[in-house]
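Notes for the structure review
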Amino acid sequence: EFLVPMEEWTEKVSCKTSVHVQPSLQRLGRTSFAFRISINAEDGQPLARVESVLVAVNPEDLTKPIVVPYQEEYRRALRPAVVPDVHVAPVAPGARPASA
């Protein structure tokens, strides 16, 4: 779900900016789990949110739900976290470091 108009999204999300991506496990049930990914601009403004529910199914026929495998691993891997910012500096065509 976009929380800002597309024009504002393209201004806030580019190779010249950074965003904060925060995945979190919302619910871990017996046969399914739900997670949310929040995307915020550098200034903290919420830009988008993704929510999804995944159901574990029998790999033989893909129709019958099964107990979610590796539940503790999911809990550890999907606990709230902030991905470090990545800043990409603009580079002029043909620019070379002074030491090159």
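Worth saying up front: this structure is predicted, and the values here are computed from it rather than measured. (Residues numbered from 1 in each chain as written. Predicted model: local features only at pLDDT ≥ 70, side-chain atom pairs only at ≥ 80, totals over all residues. Heavy atoms only, no water.)

1. Focus on the sheet that holds strand 3 (residues 46–55)
Sheet strands pair by backbone hydrogen bonding; their relative direction is either parallel or antiparallel. The condition is simple: The pairing criterion for strands is at least two bridges between them, as found by DSSP. A run of H or I in DSSP becomes a helix once it reaches four residues, and a run of E becomes a strand once it reaches two; helices and strands are each numbered from the N terminus. Note on geometry: axes are C-alpha line fits, over the in-contact stretch for helices, and angles between N-to-C directions span 0 to 180 degrees.
Spatial strand order, 1-2-3: three strands in an open sheet with antiparallel pairing. Two strands in the sheet have a free side with no partner beyond their single neighbour: strand 1 (19–28) and strand 3. Ignoring which end each strand starts from, the neighbouring axes of this sheet average 15° apart. Relative to strand 3, strand 2 (residues 32–41) runs antiparallel, the two sharing nine bridges. Opposite Ser32, over in strand 3, you have Val55 as the bridge partner.

2. A look at the packing of aromatic side chains
This is how the line gets drawn: Pairs were defined over the aromatic rings of Phe, Tyr and Trp, the Trp ring being its six-membered one, requiring ring centres within 6.5 Å. Orientation was assigned from the angle between planes: stacked under 30 degrees, edge-to-face over 60, tilted for the rest.
The final tally for this structure, using the stated rule, is two aromatic pairs. Ring centres 5.1 Å apart and planes at 85° place the aromatic pair Phe2 and Trp9 in the edge-to-face group.

3. Looking at the pattern of salt bridges
Operational definition: Basic side-chain nitrogens of Lys or Arg form a salt bridge, by our definition, when they fall within 4 Å of a carboxyl oxygen of Asp or Glu.
By the definition in use, this model includes five salt bridges. If you follow the salt bridges from partner to partner, you end up with Glu1, Arg36, Arg49 and Glu51 in one network.

4. So, the nonpolar core
Short version of the rule: Buried Ala, Val, Leu, Ile, Met, Phe, Trp, Tyr and Cys residues that are joined via side-chain atoms within 4.5 Å together make up what is termed a nonpolar core. Relative accessibility decides the category of a residue: with a 1.4 Å probe and only protein chains considered, values under 20% of the type maximum give buried, values over 50% give exposed, and everything between is partly exposed. Note on contacts: a residue pair qualifies if any of its non-hydrogen atoms lie within 4.5 Å across the two residues.
With six residues, the main nonpolar core is built from Val4, Trp9, Ile39, Ala41, Leu47 and Ala48. Setting aside its immediate chain neighbours within four residues, Ala48 contacts Glu1, Phe2, Leu3, Trp9, Ile37, Ser38 and Ile39.

5. Some points on the pairing of strand 1
In this structure, strand 1 lies alongside strand 2, joined through nine bridges in antiparallel fashion. Looking at the pairing, Ser24 lines up with Arg36 of strand 2. Between strand 1 and the antiparallel strand that follows it, strand 2, lie three residues.

6. A short note on unusual backbone geometry
The phi torsion at Leu62 lies on the positive side, around 55°, for a residue other than glycine. Within the fold, Leu62 resides in the loop between strand 3 and helix 2 (71–77). For Tyr70, which is not glycine, the phi torsion reads 55° and is therefore positive. In this structure, Tyr70 sits in the loop between strand 3 and helix 2. On the basis of relative accessible area, Tyr70 is assigned to the exposed category, the value being 60%.

Spatial relationships are all this shows, so hold off on functional conclusions.
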